[in-house]
Amino acid sequence: MRIGAIEAGGTKFVCGIGDEEGKIEEKVSFPTEQPEQTLESIIEYFRDRHVDAIGIGSFGPINIDRTSRYYGYVTTTPKKGWSGYPFLKKLESEFKVPYGWDTDVNAAAFGEATWGAAKGLDSCVYYTVGTGIGMGVYTEGRLIHGLVHPEGGHILTRRHPDDRFNGLCPYHDHCLEGMASGPALEMRWNRKSEQLPQDHEAWEIEAFYIAQGVTAAILMLSPKRIILGGGVMKQKHLFPLIHVNVQKNLNGYVNASEIVNHIEDYIVAPLLGDNAGLCGAVALGLQALLEAQK
Ligand code: ADP
Ligand code: ZN
């Protein structure tokens with residue numbers, strides 16, 4: 001089977017081909033331009049590649065409500081030119097194959113659940129900590145959508161006692177994304193997060209905030225694993241700091257051995273690494289193909 005995959009990001013698009021085992025056979029990447037131009041590059045890439053289905057994990061917000069006439073549209077993104085763009089419809093008019101369509105973070109959660117760090121489990125939460133903070137939720141064997149889609153990056157946080165920063169989210173004071181995304185680190189400390197040394201106080205404060213998102217996910221959704229990906233989480237020393245902060249927050253209340261005794265195996269990095277997004281899109285495409293064959 002040849003599954004086309006699109007990881008649609010606000011900065012770059014990755015297109016590729018994967019198989020039913022999640023193996024990526026090839027991929028290309030190009031910067032996100034205006035929608036028409038970007039679509040042209042995608043269509044050109046897939047034109048002679050003869051895929052059986054296409055899966056798309058997209059930046060958002062997007063419409064994923066199958067009953068809506070705006071299903072497949074990008075909705076209120078501040079990204080210039082993309083707001084109200086009928087992304088999926090444009091592709092559908094070009095290639096007559098089944099389509100999987102979901103948020104980038106739901107795709108990543110699904111990819112990790114199918115082939116990665118949550119393989120064999122029927123639930124996981126995936127947080128990405130990058131340019132923004134997003135949350136994908138997979139539970140009882142399926143992705144959660146709800147009214148719109150979960151927005152776990154915008155939960156309100158308790159302020160760290162040593163932190164004077166108000167956050168950079170235009171909608172909320174001290175929401176998780178506003179306090180802990182890569183750009184928030186950069187604004188607070190006046191340098192790129194990549195350049196902050198490991199022993200900088202920034203990381204304890206960062207872990208304090210991320211742990212609040214993780215704690216909320218544990219309490220609200222009770223996932224069997226939590227996966228933390230995105231650029232900022234490349235700082236692997238954050239993991240033990242987050243583990244300690246989550247334990248402090250829960251204070252033994254959630255009495256599961258996975259958390260109390262083995263938290264390092266419970267809150268983990270993505271196993272699919274840099275292919276997490278693309279593999280997730282393959283998983284969405286594969287699911288759409290299997291559904292169409294029923
Ligand atoms: P995006 O969220 O746009 O898909 P990323 O997940 O790579 O992309 O996130 C980009 C953000 O992560 C930027 O703010 C960048 O400064 C930060 N970042 C990327 N790599 C690292 C790293 N190794 N250490 C710390 N921060 C990083
Ligand atoms: Zn916010």
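The preceding data block contains the structure.
Residues numbered from 1 in each chain as written. Chains lettered and ligands numbered in written order. Predicted model: local features only at pLDDT ≥ 70, side-chain atom pairs only at ≥ 80, totals over all residues. Heavy atoms only, no water.

Caption draft 1: The overall build of the chain, seen in detail. In terms of helices and strands, the chain carries ten helices and ten strands. Counting all 294 residues of the chain, 52% fall into the buried class. As presented, the chain carries roughly 14,000 Å² of accessible surface, and 50% of it is formed by carbon and sulfur atoms. Side chains of the chain give 27 positive and 36 negative charges; the mean places of these two sets differ by 2 Å. (Helix = DSSP H or I, 4+ residues; strand = E, 2+ residues; numbered from the N terminus. Buried < 20%, exposed > 50% of the residue type's maximum accessible area, 1.4 Å probe, protein only. Areas by Shrake-Rupley, 256 points an atom, 1.4 Å probe, with all protein chains shown as cover. Lys, Arg positive; Asp, Glu negative; His and termini not counted. Charge placed at Lys NZ, Arg CZ, Asp CG, Glu CD.)

Caption draft 2: Helix 6 (residues 201-221), seen in detail. Over its 21 residues, helix 6 runs 31 Å from end to end, which matches the ideal 30 Å to within 8%, given 1.5 Å per residue. Immediately downstream of helix 6, the backbone of Ser222 shows phi near 50°, a positive value. (Expected span 1.5 Å × (residues − 1).)

Caption draft 3: Spotlight on the sheet that holds strand 6 (residues 124-129). With mixed pairing, five strands are arranged side by side in an open sheet as 8-7-6-9-10. Unpaired on one side and paired on the other, strand 8 (142-143) and strand 10 (267-268) mark the two borders of the sheet. Relative to strand 10, strand 9 (residues 226-229) is paired through two bridges, and the arrangement is parallel. The partner of Ile226 across the bridge, within strand 10, is Ile267. Where helix 3 (residues 104-115) meets the sheet, its contacts fall on strand 6, strand 7 (133-139), strand 8 and strand 9, and the angle it forms with strand 7 comes to roughly 45°. (Pairing = 2+ DSSP bridges. Contact = heavy atoms within 4.5 Å. Axes fitted to C-alpha atoms, helices over the stretch in contact; angles between N-to-C directions.)

Caption draft 4: How the structure looks around the coordination of the zinc ion (ligand 2). Taken together, His154 (ND1), Cys169 (SG), His172 (ND1) and Cys175 (SG) make up the protein donors of the zinc ion (ligand 2), found 2.1 to 2.4 Å from the metal. With four donor atoms in place around the zinc ion (ligand 2) and angles of 103 to 117° between them, the coordination shape is tetrahedral. Ordering the donors of the zinc ion (ligand 2) by residue number gives the pattern H-x14-C-x2-H-x2-C. Taken together, the residues His154 in the loop between strand 8 and helix 4 (176-180) and Cys169 in the loop between strand 8 and helix 4 connect sequence positions 15 residues apart. On the basis of relative accessibility, which here comes to 10%, the residue Cys169 falls in the buried class. (Donors = N, O, S within 2.8 Å, 3.2 Å for Na, K, Ca; no water. Tetrahedral: all angles 85-135°; square planar, octahedral: opposite > 155°, others 65-115°.)

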